[in-house]
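Survey of secondary and tertiary structure
Here's the letter readout for the chains.
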Number of protein chains: 2
Amino acid sequence: MIDQPIEQLIEYFRQLPGVGKKTAQRYAYYIIENNKEKAENFAKAILEVKNKIRLCKECGNYSSTEVCPLCQRRDKKTICVVQEPKDIVSLEKVKTFDGVYHILFGAINPLENKGPNDIRIKELLARVNAYGTEEVIMATNPNVEGDATAMYIAKILKPLGVKVTRLAQGISMGSDIEFADEVTLSRAISDRKEI
Amino acid sequence: MIDQPIEQLIEYFRQLPGVGKKTAQRYAYYIIENNKEKAENFAKAILEVKNKIRLCKECGNYSSTEVCPLCQRRDKKTICVVQEPKDIVSLEKVKTFDGVYHILFGAINPLENKGPNDIRIKELLARVNAYGTEEVIMATNPNVEGDATAMYIAKILKPLGVKVTRLAQGISMGSDIEFADEVTLSRAISDRKEI
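In this report, we go over the structure that sits alongside the text. Bear in mind that the values here come from a model prediction, so they are computed numbers and not experimental data.

Residues and elements named next belong to chain B. Residue alternation in strand β4 (residues 100-103) divides its side chains into two sets, Val100 and His102 and Tyr101 and Ile103, and both sets are buried. Here strand β3 (residues 78-82) pairs with β4 via four bridges, running parallel. Counterpart to Ile79 in the pairing with β4 is Val100. Since β3 and β4 lie parallel, the crossover through helix α5 (residues 85-94) that links them has a hand, and here it is right-handed.

Here it is as structure tokens:
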């Protein structure tokens, strides 16, 4: 029999992705056992994120300013198109890309009734026109939906004289060919490069 | 480059036990992507726990009332002594124990300079005297510190005519003898029971 406020906090932790009852309990007890100021700041951080974060009106990424820092500073000659804000976090770690991003918030997916008008393609075209963008890198996920979306956007952009590229697909660095799945291997063979 | 409020929320999630950067990011994005009301209630639950939860003045468990529900309702003829509040959660799942608990908040540990006066032993004695408790079950952890603490308390309580017992130690149910560690196996052999 756990006390009501504790029970409730456990419930909220459980709603986080991948958190089971035991983990939620550990988190709740951590909050109880640690100092009050930290817990208050934690609660404030949750509220702040909900109050301050909106979508950057250019790229669509989460931002606390009307135009996000990346869109403010980076070169707009190249736009990297991704499905979700999380993808930007991963791509930014690489540090080789210095253009701006564009978030579609999804991919074309007929099974889920998601057509071209349900993702931010119109906004992408507007940006390409406004900036005079030279290259659009399609970094949608390497699956049927991501590929279809990349093809669709390429078909629209190419006639406008914009170069459209796609992230290379193949076997992962450091992995074993033995364990690579067939689709990946077949892609790696057909896209093989001369060395 | 992640926006400041998001970065901060990720930092707070990272402080939870066992949470790395990637997991903290997932949690933060979950908060951002889900509805505002839920996030506000989550923040409120954190504050509530810090504002309402104190230690039950009898057993020492976290409680929002001066005396916790367990101490209010349960039979005080038996007291089960544990090291931490979390232990009660596990023991309560079993549903075979209907007495009250007593939390020591630690165990005797000379290496960490923790003596008998640093854990709630005095409070235990006071309760045993006040209730006329018949049995004290030592459910401290099955390791050197837990065993030493159990022995120490037993030595004080036995002269008062209180029965002191210790949770059985041995191989876990459903485990393989092949994989049991030596200390556990040796304990299981010396504590073997006639069938």
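Now that the structure has been shown, we can carry on.
All names here are of chain A. Across the five residues of strand β3 (residues 78-82), five count as buried, placing the element largely inside the fold. Covered by surrounding structure in β3 are Thr78, Cys80 and Val82 together with Ile79 and Val81, the residues of both alternating faces. In this sheet, strand β5 (residues 135-138) lies alongside β3 in parallel orientation, the contact comprising four bridges. Bridged to Cys80 within β5 is Ile137.

With that settled, the discussion passes to the sheet that holds strand β5 (residues 135-138) of chain B. Consider a sheet: its strands pair through backbone hydrogen bonds, and that pairing is either parallel or antiparallel. Residue and element names in this part refer to chain B. The strand order across the open sheet built from four strands is β4-β3-β5-β6, with neighbouring strands paired in parallel fashion. Both edges of this open sheet fall to β4 and β6 (163-166), since each of them pairs with a single strand only. Along the sheet, successive strands turn relative to each other by an average axial angle of 25°, direction set aside. In the packing of α5 onto the sheet, contacts are made with β3 and β4, and the angle to β4 comes to roughly 155°. Packing of helix α7 (residues 144-157) onto the sheet brings it into contact with β5 and β6, and relative to β6 it is tilted by some 170°.

The next point concerns the interface of chain A and chain B. Opposite the 51 residues of chain A that make contact, chain B presents 51 residues. Summed over both sides, the interface of chain A with chain B buries roughly 5200 Å², with 69% coming from carbon and sulfur. Taken together, the connections running from chain A to chain B amount to two salt bridges. A salt bridge links Glu33 of chain B to Lys86 of chain A; the nearest nitrogen and oxygen atoms lie 3.9 Å apart. At the boundary of chain A and chain B, one finds 15 residue pairs in polar contact (both at pLDDT 80 or more). For the side of chain A that touches chain B, the secondary structure elements donating two or more residues are α1 (4-14), α2 (21-33), α3 (36-52), β2 (62-63), α4 (69-73) and α5 (85-94) of chain A.

The rules we used
Residues numbered from 1 in each chain as written. Chains lettered and ligands numbered in written order. Predicted model: local features only at pLDDT ≥ 70, side-chain atom pairs only at ≥ 80, totals over all residues. Heavy atoms only, no water. Buried < 20%, exposed > 50% of the residue type's maximum accessible area, 1.4 Å probe, protein only. Helix = DSSP H or I, 4+ residues; strand = E, 2+ residues; numbered from the N terminus. Pairing = 2+ DSSP bridges. Right-handed = clockwise from strand over helix to strand, strands pointing away. Axes fitted to C-alpha atoms, helices over the stretch in contact; angles between N-to-C directions. Contact = heavy atoms within 4.5 Å. Buried area = accessible area lost by both parts, 1.4 Å probe. Salt bridge = Lys/Arg side-chain N within 4 Å of Asp/Glu carboxyl O. Polar contact = N/O pair within 3.5 Å; in protein donor to acceptor, adjacent residues only side chain to side chain.

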